[in-house]
Amino acid sequence: MSDGETRRPEPTDFIREMIRADVAAKRHGGQVVTRFPPEPNGYLHIGHAKAICIDFGIAKEMGGRCHLRMDDTNPTTEDMEYVEAIKRDVRWLGFDWGEHLYYASDYFERFYYLGEKLIERGRAYVCDLPEETFSKEYRGTITEHGKESPYRARSVEENLDLFRRMRAGEFADGAKVLRARIDMTSPNMKMRDPPLVRIKHAHHYRTENTWCIYPLYDYAHCLEDSFEGVTHSLCTLEFESARELYDWVIQATEVPHVPRQTEFARLNITYMVMSKRKLLQLVEGKHVRGWDDPRMPTIAGLRRRGYTPEAIREFIGRVGVAKNISTVDIALLEHTVREDLDRRSPRVMAVLRPLEVVIDSFPEGELEEIDAPYWPPGTEPAADVARTGSRKLAFSRRVFIDREDFAEAPPKGWHRLAPGRRVRLRHAYIVTCTSVDKDETGAIVRVHCTHDPATRGGNAPAGERVDGTLHWVSAERAADVEVRLYDRLFVSENPGEGDADYLTELNPASLAVLVGKAEPSLAAATVGERFQLERVGFFVVDEDTAPGAIVLSRTVALKDSWQKVVARAEPAAPKTPDSKKEKREKKPAAPVEAAPVELSPEAIALRDAHGLPPETARVIAQEALLAALFAGATEAPKGKELAKAVATLLANDVLGELRSKRLEAVPFDGPALVELADLVKDGTIGSAQTKEVLAAMLASGKSPRAIVADKGLAQIASADALGPIVEQVLADNADAVGRYKAGNVNVVGALVGMVMKKSGGRANAKLVKELLEKKLA
RNA sequence: UCCGGCGUCGUCUAAUGGCAGGACAGAGGAUUUUGAUUCCUCUUACGAAAGUUCGAAUCUUUCCGCCGGAACCA
């Protein structure tokens, strides 16, 4: 991390939490191995940057390693050019795979070997069904089961022979395929005998013509992870339903190392497209100049646009990692890059649309040298930024300003030049506009000013305020520069949303090329150097620059609050597309009457036998484990009498634990729950303690009474015992008490919590609350 | 319609049964030789309903909405 990068607390997200827990539990010997597995069939984009930051970033944080692996199992799309581009981009982003560069294509022999092994164990077969036949007649649909392929029952010998001949090249593309033998009735379509290895007589950029069969993603990826000892295989949400197959292949091939797949939401950004297919279309359709066109969301494009790796990493960090499907506002990306560039970009001046200004009071032919600092006071350049100090500016009778900075009839709130107005030419003089020259069409060709010699350096006399400060360039010493102004590539917030073709939503103004005038110091600028053109934006010197022909690309414009004022005066922009909330509310739910619950006969029996609320009865009847526990409970001595309490426990708390821990069994029985309910009934424990006892039962299987005794959980329910603790908490939290008195009644909950904690979890919460409320009243 | 996933300010994201917090965006203001930067202030959210609980964004149930899954792509 470079110096000065924003320090933030250690990132926490569900993946990091999971991995930290794995490390703490010493799974995989406490090792963390991740991988970033791009397919070399396109350039990396900022969505990949998220994956890279997660895969490499987490491995680094946990003291593990991250592999860079080219997932090159499809010979028809992949290419060495992409491999090189991927390596360059990952490195540029600041990550290092060390020795760990891998290629799926190096594992082809092992995939083949494991294919034979699957066949031998009856877990895979060679299928002759054409792709179309299988998908139309056999796979079934989302709602209907599939049916088994007629080739499913082939003998091991025949399968082996066929598979070998597939490899030997005896069959045409698509004539045969190796299929997993799983379950044609699975609700997960991925599990309906998915293809594992297909025939493709194609040249592979690395293995050339060695192979004519290639593994498919679902077969290859999990094995690659296993071969490499990957512990945590992190991928995006669309692979969620592939996870079941991932685990199946690992289990069926009996590979020794078992990696685990976890999915997170991919990155979307407004006004951008992020699919490889669309990006490829933009390049091939010449809608942009190439993969590294500065308008592209590719890493190469962003790099050429002048983005820094630090800014991108910071952006990714701010976006976070979660499973919500999300689209980040491009304003956040722009903010992050401005923030970074502000510390990296020396300030210089250039005029994009020159308008000549004649300073009539300044002597003809005179050139005045002015020393101007590169950095405004108060801005500390980042440590690794080269240009510091100041440079020389030339002031002369003729200068250029931007046409946008002059108005003959200025609108309200105008802070720039206009007839009669006094403005400062930055670092130079305060000037006053005296007249305007126009051509025969009435267009302004020249502006006349007089300067105030007492204001040299731009200093206003004490107490005087000028109308504004303008950037400028001497007409005598200006360097011509090509300036490329980039804007978002699409005009639509979500290109291609709905029925729209995203290509019709390209922004025709995404690139504007101007020839401007720059201050002399810019003539020596070198490719990759970054500047802020004062009042205009952040720029980078483009690689198209040649000696004497500087090309400047705008990375991002400066924030412009004047533009906002102007925009506000104009008719309101069309409302943004539907937000999440609007989507949710689009079809307003008909006011739902609490629909009468349909009860199964079992549920009805439970309800009637024990007087349970119908909801509770249904939940218990539905879940076999709960039903068994409940049945056991009612057999116990006090079971009938406490049935309702037990049922509530079962339906509300036990079920929750079962779900969250994905438990199939529970280490206690029904009578234990009766015992727990009895403890509550006789007042030994309160509701606060019940949860804790239940958790302990789940963990140890011990009896409730034993747990209460062990942990000393018997509740404290006397005002005498609790009073002092309440007093103490109140005294220690005067500020919280203040907030309560100011109207925040929720504070009581927090105070109850504190008392509970101080009492070792033993206080009767209800009583505590009463005591607190009495004191606070 | 089946399976899986997801619903918190406009946007992204926190909270691990106890004061709904942060960032961006937006609004207002201060400072300013960049209408920049910086600083201060403010508006705005738990999809709905019912249940469990002293207390629910968090546990349970039902409903609603969104996304992914039927490539011999990855």
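To start, this report covers the structure provided alongside it. (Residues numbered from 1 in each chain as written. Chains lettered and ligands numbered in written order. Predicted model: local features only at pLDDT ≥ 70, side-chain atom pairs only at ≥ 80, totals over all residues. Heavy atoms only, no water.)

### Looking at helix H2 (residues 46–61)
With 16 residues, H2 ought to run about 22 Å at 1.5 Å a step, and its terminal C-alpha atoms sit 21 Å apart, in line with that. With 14 of 16 residues buried, H2 is to be regarded as a mostly interior element. Just downstream of H2, Gly63 is the residue with a positive phi angle, here 70°. (Helix = DSSP H or I, 4+ residues; strand = E, 2+ residues; numbered from the N terminus. Expected span 1.5 Å × (residues − 1). Buried < 20%, exposed > 50% of the residue type's maximum accessible area, 1.4 Å probe, protein only.)

### A word on the sheet that holds strand E1 (residues 33–36)
Overall, parallel pairing links the 3 strands, which are arranged E1-E2-E3 in an open sheet. At either margin of the open sheet sits one strand with a lone partner, and together these are E1 and strand E3 (101–103). The mean inter-strand angle of the sheet, taken between neighbouring strand axes irrespective of direction, is 35°. The pairing of E1 with strand E2 (residues 65–70) spans 4 bridges and is parallel. Considered in E2, the bridge of Thr34 is made with Cys66. Lying over the sheet, H2 contacts E1 and E2, oriented at roughly 160° with respect to E1. Those strands touched by helix H3 (residues 80–92) are E1, E2 and E3, and its axis lies near 160° from that of E2. (Pairing = 2+ DSSP bridges. Axes fitted to C-alpha atoms, helices over the stretch in contact; angles between N-to-C directions. Contact = heavy atoms within 4.5 Å.)

### Looking at the packing of helix H18 (residues 643–661) against helix H20 (residues 687–700)
Here H18 crosses H20 at 50°, and the two axes come no closer than 11 Å. What the angle tells us is that H18 and H20 run oblique. Here H18 and H20 pass one another in a crossing that is right-handed. On H20, the residues touching Leu649, Asp653, Val654 and Glu657 of H18 are Thr690, Lys691, Leu694 and Leu698. (Parallel < 35°, antiparallel > 145°, perpendicular 65-115°, else oblique. Left-handed = near helix turned anticlockwise from the far one by under 90°.)

### Remarks on the sheet that holds strand E5 (residues 177–180)
With antiparallel pairing, 4 strands are arranged side by side in an open sheet as E4-E5-E6-E7. Only two strands of the sheet have a single partner each, and these edge strands are strand E4 (124–127) and strand E7 (213–215). Averaged over all adjacent pairs, the angle separating strand axes in this sheet is 20°, with direction ignored. Taken together, the 3 bridges between strand E6 (residues 195–199) and E7 define a ladder with antiparallel strand orientation. Across the sheet, the residue bridging to Ile199 is Ile213, located in E7.

### Digging into the pattern of salt bridges
Pairing is possible between side chains of opposite charge, provided their charged atoms come close. Under the criterion given, the structure shown has 68 salt bridges. For Glu356, the salt bridge goes to Arg398, with nearest N and O atoms at 2.8 Å. Residue Glu356 is located in strand E12 (residues 354–359), and its partner Arg398 is located in strand E15 (residues 398–402); the two are separated by 42 residues in the primary sequence. In this structure Glu356 comes out as buried when scored by relative accessible area, which is 16%. Given the relative accessible area of 30%, Arg398 is considered partly exposed. In this structure, Arg391 and Glu519 form a salt bridge, with 2.7 Å as the shortest nitrogen-oxygen distance. In this pair, Arg391 sits in strand E14 (residues 390–396) while Glu519 sits in the loop between strand E22 (511–518) and strand E23 (530–533), placing the two residues 128 residues apart along the sequence. In this pair, the class of Arg391 matches that of Glu519, namely buried. Look at the salt bridges and you will find they share partners, linking Asp292, Arg304, Glu482, Arg484, Asp542, Glu543 and Asp544 into a network. (Salt bridge = Lys/Arg side-chain N within 4 Å of Asp/Glu carboxyl O.)

### Focus: the protein's contact with RNA strand B
Looking at RNA strand B, there are 95 residues lining it, with Glu17, Thr143, Gly457, Glu615 and Arg739 nearest. What you see for RNA strand B is that sugar and phosphate hold 64% of its atoms within 4 Å of the protein. Take Asp342: an N or O atom from its side chain is 3.2 Å from a sugar or linking oxygen of RNA strand B. Note that a base oxygen of RNA strand B is positioned 3.2 Å from one of the backbone N or O atoms of His427. (Near = heavy atom within 4 Å. Polar contact = N/O pair within 3.5 Å; in protein donor to acceptor, adjacent residues only side chain to side chain.)

### Observations concerning the environment of Thr379
Secondary-structure assignment places Thr379 in the loop between strand E13 (367–373) and E14. With a relative accessible area of 18%, Thr379 lands in the buried category. C-alpha separation for the pair Thr379 and Asp342, spaced 37 residues apart in sequence, amounts to 8.2 Å.

### Regarding the packing of aromatic side chains
Evaluation of the coordinates by the stated rule reveals 21 aromatic pairs. Taking 4.6 Å as the distance between ring centres and 20° as the angle between the ring planes, the aromatic pair formed by Tyr112 and Phe163 counts as stacked. Taken as a pair, Tyr112 in helix H4 (residues 108–120) and Phe163 in helix H6 (residues 156–168) lie far apart in primary sequence, 51 residues in all. Each of the two residues, Tyr112 as well as Phe163, counts as buried. Among the aromatic side chains, those forming a connected cluster through ring pairs are Tyr107, Phe108, Phe111, Tyr112, Phe163, Trp211, Tyr214, Tyr219 and Phe227. Above the face of the Phe227 ring, Arg110 is positioned so that its terminal group lies 3.8 Å from the ring centre. Note that Lys147 overlies the ring of Tyr138, its terminal NZ or CZ placed 4.9 Å from the centroid. (Phe/Tyr/Trp six-rings, centres within 6.5 Å; stacked < 30°, edge-to-face > 60°. Lys NZ or Arg CZ within 6 Å of the ring centre and 35° of its normal.)

### Re the pairing of strand E9 (residues 260–264)
By the criterion of burial, E9 is predominantly enclosed, with 4 of the 5 residues buried. The pairing of strand E8 (residues 232–236) with E9 spans 5 bridges and is parallel. Residue pairing for E9: Ser233 is matched across the bridge by Gln261. Regarding the hand of the β-α-β motif, the stretch spanning E8, helix H8 (residues 243–253) and E9 is right-handed. (Right-handed = clockwise from strand over helix to strand, strands pointing away.)

Interpretation in functional terms is not warranted from these geometric data alone.
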